[in-house]
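Each chain, letter by letter, is given below.
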Amino acid sequence: MSMVMPAAVRPTPATQQLVLNGVNPCPAFTIGLNHKWVWVYDQKAKTGRWIPDIVKITHRHGVNGNRPVKQGKNYVDGPGTENIAHHQFKLKCTIVHPHDPRLGEFENYLGEVMVRGRQGAGFWHGLRWTGWQSSENGRRWRTVPDLETTYRFREHLGRLYNLTIDESFLSDLRKLRNHRINRINDKINSGDLSKANAAEVLQDIYDELDAAEVAFRAVGNDDTAEVVPTPAAPAAKSSSRAARARAKAGES
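Residues numbered from 1 in each chain as written. Predicted model: local features only at pLDDT ≥ 70, side-chain atom pairs only at ≥ 80, totals over all residues. Heavy atoms only, no water.

**Overview of the overall build of the protein**
Along its length, the protein carries 5 helices and 11 strands. Out of the 252 residues belonging to the protein, those deemed buried represent 40%. Long-range contacts, defined as pairs at least 24 residues apart, comprise 62% of the intrachain contacts of the protein with a sequence gap of at least 6. (Helix = DSSP H or I, 4+ residues; strand = E, 2+ residues; numbered from the N terminus. Buried < 20%, exposed > 50% of the residue type's maximum accessible area, 1.4 Å probe, protein only. Contact = heavy atoms within 4.5 Å.)

What follows is the structure in structure tokens.
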């Protein structure tokens, strides 16, 4: 088994997207920051963390408003700013530009690596700290993510954009876990599950809720204001969807 680490690149339209044997190369993307939080829990360590939610805005034909542009006899992806603007105003997310110096160690977060298979080769894009591991002859590939770095990256985005966390996220988690507790209790009452066998599972759920509460209080920053995406400007009168997207993004 060999490990391949992607090289840091700027998000530009991918020119080669082939479906290989067991591999589907990912197109280039730009990250969008949702104003939501996700709970990640380590059951063994009995600890967890709240991290901001992110989306990958892919630079692919027909996705996120990205329209192909004809060059000679071929079609290539349109400028990346068009699909980014479209996605931003559709989902109300904040665009995280990879060249933003405020990202510090996470600047230029996009990585690119060539993936080869029996049917050819193509580019795979991901966070540059996520490696690829190949089997013999590169016939099978799998990602090896650095989760700790990914979590720190997302936490950094939360601080950078002053993303606030409110009680609703904790409340939603409680509802999900309480639903599971109720199902377990129903099985106990019906005789399908003994109290002894359910005790450990129930304790794990209670431990998780306690950890979520502690982590929530640690992240809570009520004295900061949430970053709100810039309102869309009036669309330009044009039959071009790309031109309307540029107008919304405030481009000339």
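**Regarding the confidence of the model for the protein**
Averaged over the protein, the pLDDT score is 75; the fraction of residues at 70 or greater is 61%. Averaged over each element, pLDDT in the protein is lowest for helix 5 (residues 241–248) (44) and highest for helix 2 (residues 147–160) (94). Predicted confidence for residues 221–252 stays below pLDDT 50, and this span has 48 contacts to residues more than four positions away or in other chains. (pLDDT = per-residue confidence, 0-100.)

**Here we look at the pairing of strand 3 (residues 29–42)**
Along strand 3, 10 of the 14 residues are buried, which leaves the element largely enclosed by surrounding structure. Relative to strand 4 (residues 47–58), strand 3 runs antiparallel, the two being bridged by 11 bridges. Bridge pairing in strand 4 places Val-40 opposite Arg-49. Counting the residues between successive antiparallel strands, the hairpin from strand 3 to strand 4 contains 4 residues, one of them, Lys-46, with a positive phi of roughly 60°. (Pairing = 2+ DSSP bridges.)

**Topic: the side chain of Thr-150**
Assignment of secondary structure puts Thr-150 in helix 2. Reaching out from Thr-150, the side chain makes a polar contact with the side chain of Trp-129 at a distance of 3.0 Å. (Polar contact = N/O pair within 3.5 Å; in protein donor to acceptor, adjacent residues only side chain to side chain.)

**Looking at the sheet that holds strand 7 (residues 94–96)**
Strand order in the open sheet formed by 3 strands is 4-3-7, and the pairing between neighbours is antiparallel. Looking along the sheet, the strands with just one partner apiece sit at the ends: strand 4 and strand 7. Pairwise comparison of adjacent strand axes, ignoring direction, gives a mean angle of 55° for this sheet. Inspection of the sheet shows strand 3 paired to strand 7 by 3 bridges, in the antiparallel sense. Residue pairing across strands places Gly-32 opposite Ile-95, the latter belonging to strand 7. Contacting strand 3, strand 4 and strand 7, helix 2 crosses the sheet at an angle of about 80° to strand 4. Together, strand 3 and strand 4 form the strand contacts of helix 4 (residues 195–219), whose direction differs from that of strand 3 by roughly 130°. (Axes fitted to C-alpha atoms, helices over the stretch in contact; angles between N-to-C directions.)

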